[in-house]
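So the chains spell out like this:
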Amino acid sequence: MAPETLNARQLLVMGVSGCGKSTLAARLAQGLGASLIEGDDHHPAANVDKMRRGIALEDADRLPWLGVLGALLAASTGPAVLTCSALKKSYRDRLRAAVPGLRIVFIELDLEEATRRLAARKDHFFNPRLVASQFMALESPVGEEGVFRVSAMLPQPEQARAVAHWLQSTAPTGAPLVFSPSELAFP
Ligand SMILES: Nc1ncnc2c1ncn2[C@@H]1O[C@H](COP(=O)(O)OP(=O)(O)OP(=O)(O)O)[C@@H](O)[C@H]1O
Ligand SMILES: O=C(O)[C@H](O)[C@@H](O)[C@H](O)[C@H](O)CO
């Protein structure tokens, strides 16, 4: 996709549970002067309850949630960063339908490190028993248009700088740059 057709205002940060979506998205939102939409905050209570009990979500659980997230992102008046697992291509396509040309940052993590991180995380509804199901559901977005992959193993400031560089280097020409990342904003 040519930079011109990429969305300059909204950004999705995706990946399996524990990859670091919330951490990186918060930093990006701060550095970009964007609002943060935390996907987990919009799961219906029934989804949270399932995940707490160690029952993996299915398409029927996720589709209404994706609808809400797409609508929120599309309605954002200024720049916005959304966190959402967006594990399958059909889920991402739903978000793209709401926000054409959506830019996507994919944080790539392997099962071993995900298992370690989730076991270490104590105050979260996501049941660590579900970690393998996340990888079973995951369809890598690498190769899809508007996608930037970043390793989950990079220190978080380096991740943010890499994303900022990607945003800058693919900024639409001639269009007002709503995301105006600068190295200074990502110390
Ligand atoms: N770049 C990083 N390097 C090492 N650890 C990290 C990094 N980013 C996040 N973490 C740690 O990994 C754990 C998961 O991070 P975080 O909650 O941001 O992931 P998440 O993808 O938002 O997870 P979930 O979707 O389950 O809420 C946290 O303990 C966090 O401190
Ligand atoms: O699609 C899913 O299975 C869910 O969105 C999960 O990924 C969790 O909500 C999230 O990661 C919180 O731990």
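Residues numbered from 1 in each chain as written. Chains lettered and ligands numbered in written order. Predicted model: local features only at pLDDT ≥ 70, side-chain atom pairs only at ≥ 80, totals over all residues. Heavy atoms only, no water.

- Taking an unreviewed UniProt entry as the reference, the protein is identified by name as Gluconokinase belonging to Rhodoferax koreensis.
- Comment text from UniProt for the protein, heading Sequence similarities (unreviewed entry), reads "Belongs to the gluconokinase GntK/GntV family." (UniProt positions renumbered as here; feature names shortened; annotations may be inferred.)

## Overview of the site of ligand 2
Phase 1 of the analysis: Close to ligand 2 lie 14 residues; Ser17, Asp40, Arg62, Ser85 and Gln134 are nearest.
Phase 2 of the analysis: Between ligand 2 and His43, the relevant distance is 3.0 Å, taken from an oxygen atom to a side-chain nitrogen or oxygen of the residue.
Phase 3 of the analysis: For ligand 2, the accessible surface in isolation is 330 Å², of which the surrounding protein chains cover 98%.
Phase 4 of the analysis: Across the shell around ligand 2, the residue classes break down as five nonpolar, five polar and four charged. (Near = heavy atom within 4 Å. Polar contact = N/O pair within 3.5 Å; in protein donor to acceptor, adjacent residues only side chain to side chain. Areas by Shrake-Rupley, 256 points an atom, 1.4 Å probe, with all protein chains shown as cover. Nonpolar A, V, L, I, M, F, W, Y, C, P; charged D, E, K, R; others polar.)

## Quick look at the sheet that holds strand β2 (residues 35-38)
Phase 1 of the analysis: Taken in spatial order, the five strands of this open sheet run β2-β3-β1-β4-β5, and their pairing is parallel. Sheet topology places β2 and β5 (147-151) at the edges, where each strand pairs with a single neighbour. For this sheet, the mean inter-axis angle between neighbouring strands, taken without regard to orientation, is 20 degrees.
Phase 2 of the analysis: As paired strands, β2 and strand β3 (residues 80-83) are joined by four bridges and run parallel to one another. Within β3, the residue paired with Leu36 across the bridge is Val81. (Pairing = 2+ DSSP bridges. Helix = DSSP H or I, 4+ residues; strand = E, 2+ residues; numbered from the N terminus. Axes fitted to C-alpha atoms, helices over the stretch in contact; angles between N-to-C directions.)

## Regarding the packing of aromatic side chains
Phase 1 of the analysis: Inspection of the entire model under this criterion finds one aromatic pair.
Phase 2 of the analysis: When the centroid spacing of 5.3 Å and the interplanar angle of 15 degrees are considered together, the rings of Phe148 and Trp166 count as stacked. Placement of the pair is Phe148 in strand β5 and Trp166 in helix α7 (residues 156-169), with a sequence separation of 18 residues. With respect to burial, Phe148 and Trp166 carry one shared label: buried.
Phase 3 of the analysis: The side chain of Arg103 reaches across the aromatic face of Trp166, ending 5.2 Å from its centre. (Phe/Tyr/Trp six-rings, centres within 6.5 Å; stacked < 30°, edge-to-face > 60°. Buried < 20%, exposed > 50% of the residue type's maximum accessible area, 1.4 Å probe, protein only. Lys NZ or Arg CZ within 6 Å of the ring centre and 35° of its normal.)

## Details of the nonpolar core
Phase 1 of the analysis: Leu11, Leu24, Leu28, Val81, Val105 and Val163 are the most contacted members of the largest nonpolar core, which totals 32 residues.
Phase 2 of the analysis: Of all elements in the fold, only β1 (10-14), α1 (21-32), α2 (45-52), β4 (103-108), α5 (111-120), α6 (131-137), β5 and α7 reach the threshold of two or more residues within this core.
Phase 3 of the analysis: Leu66, Cys84, Ala86 and Leu102 belong to the second-largest nonpolar core, a separate cluster that totals 18 residues. (Core = buried A, V, L, I, M, F, W, Y, C linked by side-chain atoms within 4.5 Å.)

## Some points on helix α4 (residues 89-98)
Helical geometry: 3.6 residues make up each α-helical turn, so side chains three or four residues apart lie on a common side.
Phase 1 of the analysis: Residues of α4 that are buried: Tyr91, Arg92, Leu95 and Arg96. Down the axis of α4, the buried side of the element spans an arc of 140 degrees, and every buried residue falls inside it.
Phase 2 of the analysis: The inward-facing, buried residues of α4 contact β1, α3 (59-75), β3, β4 and β5. (Arc of directions from axis to C-beta. Contact = heavy atoms within 4.5 Å.)

## As for the environment of Leu36
Phase 1 of the analysis: For Leu36, the location among the structural elements is in strand β2.
Phase 2 of the analysis: Relative accessible area serves as the criterion here: at 39%, Leu36 is assigned to the partly exposed category.

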